[in-house]
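Here are the chains, one letter per residue:
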Amino acid sequence: MIGQAALGLYRTFARHRAYAVVNIGGLALGIAVCLMLGLYVRFELSFERWLPHHRELYLVQTELHLPGGAFNGAYPGTMAGLFEEMRQDFPGLVGTRIRGGKDGGAVLRGGEALPMDVAQVDPSFFDVFALSMVTGDGRRALADPDGALISRSAARTLFGAADPVGQPLTIAVDAPQTYRVAGIFEDLPDNTDLRIAILLPMPRKAPPAEWAWYRWGTASVSTFLRFPNAAAARRFEAKMPSFVRRRAGQELGPEPDKAITLSLLPVSRIHLEPQGTETAWRRLTVTTLGIVAAMTLLIAIVNYVNLATARSGLRAREVAMRKVLGADRGTLIRQFLAEAMLTVAVAALAGLIMAELALPLINAANGLSLGIPYALALPVLALLVLLVGATAGMYPALLLSSLSAAGVLASARSPGGGRAGTRLREALVTMQFGMATAFIIATAVLVAQTAHVRRSDLGFRRDGLIVVPSLADKRIFPDQSRAIVTALRDMPGVVAVGAGSVGVGGDGAGMVDVVEVPGRPGLGPSIKVASVGPDFFRAYGPRLLAGRLFDDRHRADDAGEWTRWKDGRNIVVNRVAAEALGFASPAEAVGKTVGGSLPRTIIGVIDQLRFFSPRTPDQATYFQYTRDVPPTPVAAIRFTGDPNVMMNRVRQTWRRLSPQVPLIAETADRRLGRLYQADDQAARLFGIGAGLAILIACVGLWGLASFNTARRIREIGIRKTLGASASDIVRLLLVQFLRPVLLANLIAWPLAYFAMRTWLAGFGDRIALSPVYFLAASLVAAAIAVLTALGQSVRASRAAPAWALHHD
Amino acid sequence: MIRLQNIQRRYVSDEVETTALHDIDLHVAEGEFLAIMGPSGCGKSTLLNTLGTVDRPTGGRYLFGDRDLAALDEKALAKFRGQTLGFVFQSFNLIDELTIEENVALGLAYRADAGNRRARVAAAMDKVGIAHRAHHFPHQLSGGQQQRAAIARAIVGDPKLILADEPTGNLDTANGEQVMNILSGLNAEGATIVMVTHSPSHADMAKRRIDMLDGRIVASAMRDI
């Protein structure tokens with residue numbers, strides 16, 4: 001049976017190459033796209049699942065419930081001292097903190113600082129994260145205050161082929177300290193958000209610079225806990241409000257658990273969980289790509305089934321002949337099913353090959369290292385072969401084997417399932433084009449939004465600007481940072497150097513203040529505080545909406561001395577803060593004093609400075625000024641001339657003044673580009689998936705158009721004999737194809753509307769979902785359909801009637 | 001060998017009833033070569049399809065030897081066709097995707113007792129003079145060659161009865177003659193043949209001829225030998 005089916009298939013494909021390419025190629029492409037996107041989705045869903053006992057591990061989140069709600073959300077960190085306090089209150093609690101991580105410290109060698117992913121952890125780290133050790137005893141190493149563990153690749157980077165164990169290593173986290181390498185652990189896999197190349201013991205007491213170690217509401221470390229089961233975790237979580245009341249009451253006043261709660265998040269969910277005020281866009285992106293994968297495969301399957309069933313009508317005569325020769329119905333059904341399954345198997349194999357060939361490109365373009373897990377992929381593909389093969393084979397198998405052999409052999413025409421068959425195919429084309437049109441709309445919106453984000457007004461000029469976040473490094477003392485800012489300012493080509501606690505890039509986290517508004521009951525809105533030094537506004541150049549900016553001539557502008565805050569200080573607010581404080585216009589805010597016992601007078605209102613990800617909503621912020629360099633400053637260098645030359649100058653200056661701290665400096669453009677990376681990656685994958693899905697749908701339509709036109713050639717002959725012109729025929733055939741394509745909009749429009757509305761909601765600054773996208777996409781889909789069917793129709797319309805009448 | 005008694009075939013569609021065969025009584029002896037003639041629509045092909053069991057009569061009895069075929073279900077009839085009958089059609093009905101050799105082998109595909117298939121296929125092709133085209137596809141052959149291949153497919157299983165539905169209808173005179181000579185030769189070797197034809201000269205090559213009109217046998221004549 002299989003041999004006969006294989007031979008039949010081979011001959012069909014050899015004779016009808018275009019059909020084979022369209023049918024098998026389309027399905028293979030669908031399988032390849034689904035496979036690739038599926039791999040990406042699987043990768044995104046697999047984060048931290050590689051950890052032994054990952055089901056028992058939880059991250060403690062700090063949930064803020066501040067007035068106004070602008071900064072409320074669950075943050076993936078806690079104050080550094082939380083774990084110590086928890087252990088005092090809950091003896092026997094198993095957990096660890098991770099302080100640092102990505103670029104969390106630097107290895108000092110030969111006067112140079114090499115930034116590395118350094119994490120300080122508690123000695124119980126290995127009770128939570130059972131990392132595989134290459135050599136050494138991890139637990140014992142972390143119990144030693146001078147012990148360090150390094151990853152296999154860090155060992156190679158730092159020591160080459162030499163044995164690192166026992167070697168000294170000077171590492172600066174807060175201050176340089178010499179450790180001894182006590183062991184090597186295996187590199188962490190790609191599917192983790194833990195960035196650890198070097199593990200160091202957590203300091204026994206708060207380092208001098210860490211003023212917020214026991215400060216509730218801060219989130220400077222990640223605290224992980226391990227529980228034997230989910231019920232135990234839930235029980236522990238239920239005790240958190242009373243724990244917060246007991247521990248935070250002194251700092252946060254009565255009912256601290258109304259402002260801050262602690263919750264537990266399973267480690268496997270961390271990667272896709274929204275952080276803080278973010279929307280759930282990561283989860284949404286992964287879900288969307290999953291849907292694209294499924295829909296592309298569905299389109300390809302519909303395509304395949306459609307073409308296969310349509311063409312099977314042409315085989316009615318063969319089936320009748322086989323019946324005449326003694327084949328019974330069961331034999332014929334088995335033959336059709338075997339053929340269909342073989343075809344799908346060929347397509348699956350081709351899809352697998354396509355995916356293997358495309359994966360290196362996808363990986364390179366998106367910084368991924370995905371591979372096909374054959375142990376999973378092959379059974380899934382086998383199931384697909386059975387299901388799709390059965391679906392595609394069953395209809396013709398049942399239909400054709402039921403036809404009367406005598407009737408088919410006597411008839412001049414091949415049956416194709418009659419009106420029911422045509423309706424089914426039309427329904428399938430409608431569904432397929434519905435999905436394709438939805439993809440076109442989604443792609444258009446996606447491209448428009450991505451372009452909008454790139455073009456959008458950030459409130460400052462992004463070219464001619466270099467940002468230096470490493471000025472905020474804990475190891476740089478105030479004197480040194482002053483000297484660095486001065487030296488940067490003196491470089492040729494520099495227009496201004498401003499330092500502020502905020503700057504381009506970063507995650508948008510920072511200090512939040514609750515600002516009382518006179519005459520308004522309650523606590524007042526939560527507003528972010530940005531401390532800025534001289535020239536900050538000169539470097540960024542925000543639009544001044546009302547009032548003035550800071551000026552050294554006004555003594556009250558300087559808020560550097562916090563002891564004088566109760567006497568009042570001047571602040572500049574942004575537009576959103578002015579609105580949050582209840583002012584009808586920027587001008588109305590100027591001169592007003594807010595802040596209750598710590599009065600703050602608004603001297604100016606500026607437009608938004610959008611420093612963060614386009615997904616971060618516009619934040620209400622007030623700026624306070626210090627004549628000195630503010631604490632934890634990010635420097636902004638406004639310059640003229642070649643950015644590369646300027647970057648070299650920055651590098652030289654930095655190396656001269658602060659060799660022990662690695663320089664992190666980038667142009668604003670580059671830094672902003674990184675914020676768009678995740679979106680770009682998702683948009684690219686979406687674009688590839690959607691583009692190929694549309695292609696598959698078009699190819700399918702082409703196949704069906706040529707098939708249907710071929711079937712109607714005799715009809716065309718009759719119509720022409722009766723006086724129809726070539727254009728009448730073209731119109732007749734086109735209308736037949738446009739009907740399902742136009743009906744498809746009924747599926748596409750609502751589908752795309754809801755999907756894109758949800759997606760756009762994740763952006764702070766977004767385009768409007770205009771009907772133009774929908775109309776344009778439908779026009780494009782209709783144009784594609786017309787172009788696809790046009791060639792076939794024109795050719796058919798030109799056929800000589802005499803030939804057409806004898807065509808079978 | 002074959003006995004039809006009061007065979008009727010009625011078609012009912014959209015409340016219109018058409019009777020294609022009226023009380024047909026027919027006996028076909030073993031080794032006979034019977035030609036059926038008559039105008040279009042007289043029921044010739046229906047009668048042939050009934051004999052070939054691809055169409056079921058709505059009344060009457062069909063005895064093949066001692067077997068009453070009315071009692072057989074579809075599966076049994078399929079097996080019966082594969083083992084007992086050979087068909088030749090006006091439009092050849094070769095499968096485009098298969099070579100001539102494979103098309104001929106199809107005549108044995110649904111038989112469990114086919115023996116040495118390759119040898120039988122070769123012999124059948126040889127017999128009709130088509131062996132040199134074994135590896136060609138139907139569209140590469142002339143009409144006459146295609147019909148000879150179809151005859152090879154019909155005889156490859158040594159059927160007890162060959163049913164030919166206007167086997168020369170799509171052929172020119174020379175090719176028609178050639179096909180008729182093959183059929184006569186087969187009959188001379190002992191094959192039983194029932195043939196529908198429009199051609200009086202081809203009908204004359206049969207041993208007996210019946211004429212049909214409006215679903216009835218209106219005349220029967222034996223050829224003088």
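What comes next is a walk through the structure.

Reading guide: rules and limits
Residues numbered from 1 in each chain as written. Chains lettered and ligands numbered in written order. Predicted model: local features only at pLDDT ≥ 70, side-chain atom pairs only at ≥ 80, totals over all residues. Heavy atoms only, no water. Pairing = 2+ DSSP bridges. Helix = DSSP H or I, 4+ residues; strand = E, 2+ residues; numbered from the N terminus. Axes fitted to C-alpha atoms, helices over the stretch in contact; angles between N-to-C directions. Contact = heavy atoms within 4.5 Å. Buried < 20%, exposed > 50% of the residue type's maximum accessible area, 1.4 Å probe, protein only. Phe/Tyr/Trp six-rings, centres within 6.5 Å; stacked < 30°, edge-to-face > 60°.

1. Some details on the sheet that holds strand E7 (residues 161-165) of chain B
All names here are of chain B.
Item 1. Taken in spatial order, the 6 strands make up an open sheet running E6-E7-E8-E3-E9-E10, and their pairing is mixed. Either end of the sheet is taken by a strand with one partner, and the two such strands are strand E6 (85-89) and strand E10 (216-222). Geometrically, the sheet is characterised by an average inter-axis angle of 15° between neighbouring strands, direction not taken into account.
Item 2. The pairing of E6 with E7 spans 5 bridges and is classified as parallel. Bridge pairing in E7 places Gly86 opposite Ile162.
Item 3. Contacting strand E3 (33-37), E6, E7, strand E8 (192-196) and strand E9 (208-213), helix H1 (residues 44-51) crosses the sheet at an angle of about 155° to E7.
Item 4. Docked against the sheet, helix H5 (residues 143-155) engages E6 and E7, running at close to 170° with respect to E6.

2. A short note on the environment of Ala347 of chain A
Residues and elements named next belong to chain A.
Item 1. Following the sequence through the fold, Ala347 ends up in helix H12 (residues 329-366).
Item 2. With a relative accessible area of 1%, Ala347 lands in the buried category.
Item 3. As for Ala347 and Arg226, which are separated by 121 residues in sequence, their C-alpha atoms are 46 Å apart.
Item 4. Other than its neighbours up to four places away in sequence, Ala347 contacts Ile24, Leu27, Ala28 and Ile31.

3. Let's talk about the pairing of strand E1 (residues 2-13) of chain B
All names here are of chain B.
Item 1. Examined bridge by bridge, E1 and strand E4 (residues 59-64) share 5 bridges and lie antiparallel to one another. Bridge pairing in E4 links Ile2 to Phe64.
Item 2. The pairing of E1 with strand E2 (residues 16-28) spans 9 bridges and is antiparallel. Along E2, the bridge assignment pairs Val12 with Glu17.
Item 3. The hairpin formed by E1 and E2 contains 2 residues between the paired strands, and Asp14 there has a positive phi angle of roughly 45°.

4. With respect to the packing of aromatic side chains
Residues and elements named next belong to chain A.
Item 1. Scanning all chains against the criterion turns up 27 aromatic pairs over all chains.
Item 2. Judged by centre distance (5.4 Å) and plane angle (75°), the rings of Phe536 and Phe537 are edge-to-face.
Item 3. What makes Phe536 buried here is its relative accessible area of 1%.
Item 4. Relative to Phe623, the ring of Phe537 has its centre 5.3 Å away and its plane inclined at 70°; by these criteria the two rings are edge-to-face.

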